[in-house]
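Understanding the architecture of this molecule
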Amino acid sequence: MTRAPEDEVLHRIDNGVAWITLNRPEAMNAVTWAQRERVITLLAEASADPAIRAVVVTATGKGFCAGADLRGAPTAAGDRVAGDVARMIRLGAQRLITAVLDCEKPVLAAVNGTAAGIGAHLALACDLVIAAEPARFIEVFVRRGLVPDGGGAYLLPRLVGPQKAKELMFFGDAVPAAEAERLGLVNKVVPAEELEATARAWAERLAQGPTRALAMTKQLVNASLDGDRAAALAAEATAQEINMGTADANEGVASFVERRTPKYLGR
């Protein structure tokens, strides 16, 4: 079944939250080239739009994302030459994961079902992950004789440590939602019928927070494992310097002094 890009990735904004929904349930939401490009665009738009203060990535049907579906991707003319595969990965899977990591709004994954390969990495790149009880996470690459891509070897060790990351990637076994929560891959597991409501509650709570402070907190945490202590502390001080000039920071301090609940506007 072929749909227009806007039908294969649904998009709506509700109470300051952008909902990005993969919508190819008949293919377990294996992500196509067109879907990937639309998700990247929507995340960039979320960063730039002050009316959007949080993002939820989710999917329809029984699967969250079964991996990459290369059908419909642009094909290079002639025989493959050295560099073609690396370029495809850089411009494809890595751009998708980077778009999530670099989005200036908190991104929450609501994982409704199987998340395999790049689908697992799409979920794990999000800032918070809520999984339905039937969800599973699978590092499927080894089953195909492939090296993990889409940032997998970057994301997994940071979430579960190198030993467990290698176990997941070497064997490619399915990790049920409850085990994923125990390992630290998932923040919360809920019954399937409660997934959307829980994701909405978390996302709307984020959308009511100090948006710029959350953006800079996200950047600090994401960068913290990539540099040394001095660089991390310098980045923290710079972020706080910038943040103290925002209206939300002024509101936060004023509300504390005045002993009232702050009302953040995301500015």
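Our subject is the structure that appears above.
Residues numbered from 1 in each chain as written. Predicted model: local features only at pLDDT ≥ 70, side-chain atom pairs only at ≥ 80, totals over all residues. Heavy atoms only, no water.

**Some thoughts on the overall build of the chain**
For clarity, the cut-off: Only DSSP runs of H or I with at least four residues qualify as helices, and only runs of E with at least two residues qualify as strands; both kinds are numbered from the N terminus onward. Using C-alpha atoms as the atom set, the radius of gyration is obtained and then compared with a globule rule of 2.2 Å times the number of residues to the power 0.38. Per-residue accessibility, obtained with a 1.4 Å probe over protein chains only, is compared with the maximum for each type, and a residue is labelled buried under 20%, exposed over 50%, and partly exposed between these values. Computed by Shrake-Rupley with a 1.4 Å probe, the accessible areas treat only the displayed protein chains as cover when residues are assessed.
Within the chain, the regular secondary structure consists of 12 helices and 10 strands. Here the C-alpha radius of gyration of the chain, 19 Å, is about what a compact globule of 267 residues would show, namely 18 Å. Taken along the three principal axes of its C-alpha coordinates, the chain extends 65 × 40 × 40 Å. Put simply, the chain has 267 residues, and 44% of those count as buried. Counting only carbon and sulfur atoms, one obtains 56% of the accessible surface of the chain, whose full area is about 14,000 Å².

**A short note on empty space enclosed by the protein**
Basically, it comes down to this: The rule is simple: put a 1 Å grid over the protein atoms alone, call a set of points where a 1.4 Å probe fits but cannot get out a cavity, call an open set with protein on both sides within 12 Å along at least five of seven lines a pocket, and count a residue as lining if it has an atom within 4 Å of a point. Grid points are joined across faces, edges and corners, and a volume is the space filled by probe spheres set on the points.
Inspection of the entire model under this criterion finds 1 cavity of 30 Å³ or more. Space inside the largest cavity adds up to approximately 50 Å³. For the largest cavity, the full set of lining residues is Ala 120, Leu 124, Phe 137, Ile 138, Glu 139, Leu 156, Leu 168, Asp 173, Val 175 and Leu 185. Secondary structure elements with two or more residues in the lining of the largest cavity: α5 (118–124) and β8 (136–138).

**Regarding the pairing of strand β3 (residues 54–59)**
Applied cut-off: By convention, a crossover is right-handed whenever its connection, traced from the first strand over the helix to the second and viewed with the strands pointing away, goes clockwise.
Most of β3 is tucked away, with 6 of its 6 residues classed as buried. On β3, burial covers both faces: Ala 54, Val 56 and Thr 58 on one face and Val 55, Val 57 and Ala 59 on the other are all buried. On the question of chirality, the crossover connecting strand β2 (residues 17–22) to the parallel β3 by way of helix α2 (residues 33–48) is right-handed.

**Points about the layout of surface pockets**
Selection rule: Each residue is assigned to one class: nonpolar for Ala, Val, Leu, Ile, Met, Phe, Trp, Tyr, Cys and Pro, charged for Asp, Glu, Lys and Arg, and polar for all the others, Gly among them.
Considering only enclosed or pocket space, the second largest pocket measures out at about 570 Å³ in volume. Elements supplying a minimum of two residues to the lining of the second largest pocket: β7 (128–132), α6 (152–160) and α10 (211–224). If you tally residues by element for the lining of the second largest pocket, the top one is α10, at 8 residues. Taken together, the residues of the lining of the second largest pocket break down into 17 nonpolar, 5 polar and 5 charged.

**Some points on the sheet that holds β8**
The condition is simple: Here, strands pair whenever DSSP counts at least two bridges between them.
Spatially, the 4 strands line up as an open sheet ordered β4-β6-β8-β9, and their pairing is mixed. Two strands close off the open sheet at either side, each with one partner strand: β4 (63–65) and β9 (175–176). Here 2 bridges tie β8 to β9, and the two strands are oriented antiparallel to one another. By the bridge assignment, Phe 137 is partnered in β9 with Val 175.

**Describing the side chain of Glu 204**
So the rule is basically this: All tallies of charge rest on Lys and Arg as positive and Asp and Glu as negative; His and the ends of each chain are not included. Salt-bridge detection follows one rule: a side-chain nitrogen of Lys or Arg within 4 Å of a carboxyl oxygen of Asp or Glu. Working rule for contacts: check all heavy atoms of both residues, and any pair within 4.5 Å makes them a contact.
Relative to the helices and strands, Glu 204 is located in helix α9 (residues 195–207). The buried charged residue Glu 204 lacks any salt bridge partner; its closest oppositely charged side chain belongs to Arg 200, at an N-O distance of 4.3 Å. Residues in contact with Glu 204, not counting those within four places in the same chain, are Asp 14, Asn 15 and Val 17.

None of the figures reported here should be taken as evidence of function without further support.
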